[in-house]
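Each chain, letter by letter, is given below.
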Amino acid sequence: MTKYTPDDIKRIVTEQNIKFIRLQFTDIFGILKNVSITSELLGKALSSQCMFDGSSIEGFVRIEESDMYLRPDPSTFVVFPWQSDRTARMICDVHNPDGTPFEGDPRYALKKVLKESSDLGYAFNVGPECEFFLFHADNNGMPTTITHDKAGYFDLGPADLGENARIDMCLMLEEMGFEIEASHHEGAIGQHEIDFRYADALEAADNLMTFKLVVKTVAHQHGLYASFMPKPISGINGSGMHINQSLSKGSENIFYDPKDTLGLSGIAYNYIAGIMRHTRAMTALTNPLVNSYKRLVPGYEAPVNITWSAKNRSPLIRIPSARGAGTRIELRNPDPSCNPYLVFAAILAAGLDGIKSDLKPVGSVEKNIYNMSDQERAEYGIENLPRDLYEAIRELKASELMRRVLGEHIYNRYIEAKLMEWDGYKTKVHKWEIDQYLTKY
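Residues numbered from 1 in each chain as written. Predicted model: local features only at pLDDT ≥ 70, side-chain atom pairs only at ≥ 80, totals over all residues. Heavy atoms only, no water.

Just to check I follow, could you spell out the pairing of strand S8 (residues 143–147) for this structure?
With 2 bridges joining them, strand S7 (residues 123–137) and S8 adopt antiparallel strand pairing. When the bridges of S8 are listed, Ala137 appears paired with Pro143. Linking two consecutive strands that pair antiparallel, namely S7 and S8, is a turn of 5 residues; a positive phi of about 80 degrees is found at Gly141 within it. (Pairing = 2+ DSSP bridges. Helix = DSSP H or I, 4+ residues; strand = E, 2+ residues; numbered from the N terminus.)

Next comes the structure, spelled out in structure tokens:
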């Protein structure tokens with residue numbers, strides 16, 4: 001993507017007669033927020049003088065600590081191609097009134113771990129593969145769970161009725177600077193995937209937040225609703241967000257070693273072991289909703305076992321076949337409801353811990369784990385991912401590494417909010433219970 005300076009932005013705003021600039025940021029739950037300003041206030045915004053009420057953002061600050069400042073990142077400037085009033089945006093860091101970074105800003109949490117990685121000489125590259133559903137909207141424009149098509153994996157029109165919407169999404173993303181690598185219908189009815197080129201982790205997280213906005217916007221233009229909910233329909237596959245990742249030094253991919261049987265370096269094995277050690281603690285971040293765990297069940301291609309492999313897709317961690325500069329590790333349990341800033345920070349910290357501690361992963365599992373018996377899993381020493389959000393929260397609470405990565409502010413408020421979410425779920429009577437029990441007892 002084009003990297004702009006403040007002077008570039010001022011010139012473009014004038015030349016293109018841009019009227020509004022959205023100053024975007026993300027809350028701790030991965031929800032995109034913004035403050036819209038007129039172009040007359042651009043200079044003030046670029047000088048980090050735009051203030052907002054942090055107490056109105058869930059998980060930020062108490063009302064007596066409400067003043068927060070937005071510091072735009074000029075490199076994220078882009079003009080929205082879908083708005084006739086010529087609106088642009090910049091993604092912002094959140095700062096305290098004294099100019100220091102706000103500890104509750106997820107973007108800052110990622111920057112801290114990236115600094116640690118940089119100090120060790122590593123650059124962290126990420127390529128997310130984000131799945132989503134397209135649903136019909138009702139007469140009031142509200143989403144239904146009626147799918148837009150009956151197509152399957154890699155099907156095309158006319159069976160894939162979402163094809164035109166997906167094409168428009170790709171075109172709009174390209175207009176905004178994305179390099180689209182692939183787009184296709186996914187395995188479940190109404191399910192789609194668009195893959196864009198990998199980038200350094202901060203840019204990749206920014207790109208993912210922009211990607212979701214574009215997908216939802218284009219879907220709305222087609223009279224549809226795009227949902228990144230992990231499991232909106234029972235009985236079919238849910239939506240995942242596989243995360244491809246690698247470390248490099250300069251132009252060298254340090255996960256690659258041609259002398260190794262699998263083509264992996266010792267650092268790559270350390271990194272895999274670090275993720276496996278900390279993955280249960282990370283699951284409350286990678287799979288943050290009660291609904292996330294309806295996807296993480298056997299039989300729907302989502303991993304439930306903490307294993308790795310270079311030859312099959314059932315483990316938690318897969319090593320895609322590309323080697324050399326393309327050597328990478330694919331983490332398969334995250335879903336698209338997660339906050340990418342926090343998830344990328346947690347994954348990188350776990351991998352770095354594996355490198356610094358010289359951890360070694362247990363042997364790879366080449367059998368289809370979905371078809372293994374409990375005894376076979378026990379023989380391989382295979383652990384399971386948390387079975388629900390509450391179990392995941394308990395693992396997060398017990399992790400000193402995740403506490404350090406998130407910082408006290410995000411760590412405490414995230415856990416508090418997720419416990420409230422779990423309590424709200426477990427105390428409600430759900431339709432399944434009525435259908436199952438009302439007439440029997």
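Which parts of the structure should I look at to understand the pairing of S7?
Along any regular strand, the residues point their side chains to alternate faces of the sheet. In terms of residue burial, S7 counts as a mostly covered element, since 12 of its 15 residues are buried. Across 8 bridges, the pairing between S7 and strand S13 (residues 241–249) is antiparallel. By the bridge assignment for S13, Phe124 is matched with Leu247. Pairing analysis gives 2 bridges linking S7 to strand S11 (residues 199–200), with the strands arranged antiparallel. Of the residues in S11, the one forming a bridge with Val126 is Ala199. (Buried < 20%, exposed > 50% of the residue type's maximum accessible area, 1.4 Å probe, protein only.)

Mind showing me how you'd approach helix H4 (residues 163–175) here?
Because each turn of an α-helix spans 3.6 residues, side chains separated by three or four positions end up pointing in the same direction. Spanning 13 residues, H4 covers 18 Å between terminal C-alpha atoms, matching the ideal 18 Å at 1.5 Å per step. Ala165, Arg166, Met169, Cys170, Met172 and Leu173 are the residues of H4 that are buried. Taken end-on, H4 shows its buried residues confined to a sector of 165 degrees, consistent with a single buried face. Facing away from the buried side of H4 by more than 90 degrees, the exposed set consists of Asn164 and Glu175. Structurally, H4 contributes buried residues whose contacts are with S7, strand S9 (180–185), strand S10 (191–196), helix H5 (201–221) and strand S12 (224–227). (Expected span 1.5 Å × (residues − 1). Arc of directions from axis to C-beta. Contact = heavy atoms within 4.5 Å.)

Please clarify how the side chain of Ser248 should be interpreted in this entry.
Along the polypeptide, Ser248 turns up in strand S13. Ignoring any residue separated from it by four or fewer positions in sequence, one finds Ser248 in contact with Gly121, Tyr122, Ala123, Asn125, Asn253 and Ile254.

Got a minute to help me understand unusual backbone geometry in this structure?
A negative phi angle characterises most non-glycine residues, just as the trans form characterises most peptide bonds. If you check the backbone angles, Asn17 has positive phi at about 55 degrees while not being a glycine. Among the structural elements, Asn17 can be located in the loop between helix H1 (6–15) and strand S1 (20–26). You will see that Asp358, though not glycine, has its phi angle at about 50 degrees, which is positive. Counting through the fold element by element, Asp358 comes out in the loop between helix H8 (340–356) and helix H9 (374–380). Overall, the relative accessible area of 44% leaves Asp358 in the partly exposed class.

Teacher, can you tell me more about helix H3 (residues 106–119) here?
With 14 residues, H3 extends 20 Å between its outermost C-alpha atoms, agreeing within 8% with the 20 Å of an ideal straight helix rising 1.5 Å per residue. Within the span of H3, buried status applies to Pro106, Arg107, Ala109, Leu110, Val113, Leu114, Glu116 and Ser117. One or two residues past the end of H3 sits Gly121, with phi positive at roughly 95 degrees.

Can you walk me through the nonpolar core in this structure?
The nonpolar side chains of a soluble globular protein tend to be buried, and buried together. Ranked by internal contacts, the top residues of the largest apolar core, which has 98 residues, are Phe124, Phe211, Ile317 and Phe344. Apart from the residues within four sequence positions on either side, Phe344 is in contact with Leu110, Phe124, Val126, Ala201, Ala204, Ala205 and Ile243. Core analysis: the next-biggest nonpolar cluster, separate from the first, contains 22 residues, Ile12, Leu23, Leu42 and Phe52 among them. (Core = buried A, V, L, I, M, F, W, Y, C linked by side-chain atoms within 4.5 Å.)

Sorry if this is basic, but what is going on with the packing of H4 against H5 here?
Describing two packed helices takes the angle between their axes plus the distance from one axis to the other. Contact pair H4 / H5: the axes reach a minimum separation of 9 Å and the direction vectors enclose 135 degrees. Regarding the angle of H4 to H5, the classification is oblique. Like other packed secondary-structure pairs, H4 and H5 cross with a definite hand, here right-handed. Within the contact between the two elements, H4 uses Ala165, Asp168, Met169, Met172 and Leu173 and H5 uses Phe211, Val214, Val215, Val218, Ala219 and Gln221. Tallied by class, residues from the contact of H4 with H5 come to 9 nonpolar, 1 polar and 1 charged. (Axes fitted to C-alpha atoms, helices over the stretch in contact; angles between N-to-C directions. Parallel < 35°, antiparallel > 145°, perpendicular 65-115°, else oblique. Left-handed = near helix turned anticlockwise from the far one by under 90°. Nonpolar A, V, L, I, M, F, W, Y, C, P; charged D, E, K, R; others polar.)

Would you explain the pattern of salt bridges in this entry?
Close approach of charged atoms allows side chains of opposite charge to pair. For the coordinates displayed, the defined rule picks out 22 salt bridges. For Asp73, the salt bridge is made with Arg107, and the minimal N-O distance between the two is 2.9 Å. Of this pair, Asp73 sits in the loop between strand S4 (67–72) and strand S5 (78–79) while Arg107 sits in helix H3; the two residues are 34 residues apart in sequence, bridging distant segments of the chain. The buried category is assigned to Asp73, whose relative accessible area is 17%. Since its relative accessible area comes to 2%, Arg107 is described here as buried. With its nearest N and O atoms 2.9 Å apart, the salt bridge here joins Lys418 to Glu421. With Lys418 and Glu421 both in helix H11 (residues 400–426) and 3 residues apart, this pair spans about one turn of that helix. You can call Lys418 buried: its relative accessible area is 5%. For Glu421, a relative accessible area of 28% corresponds to the partly exposed category. (Salt bridge = Lys/Arg side-chain N within 4 Å of Asp/Glu carboxyl O.)

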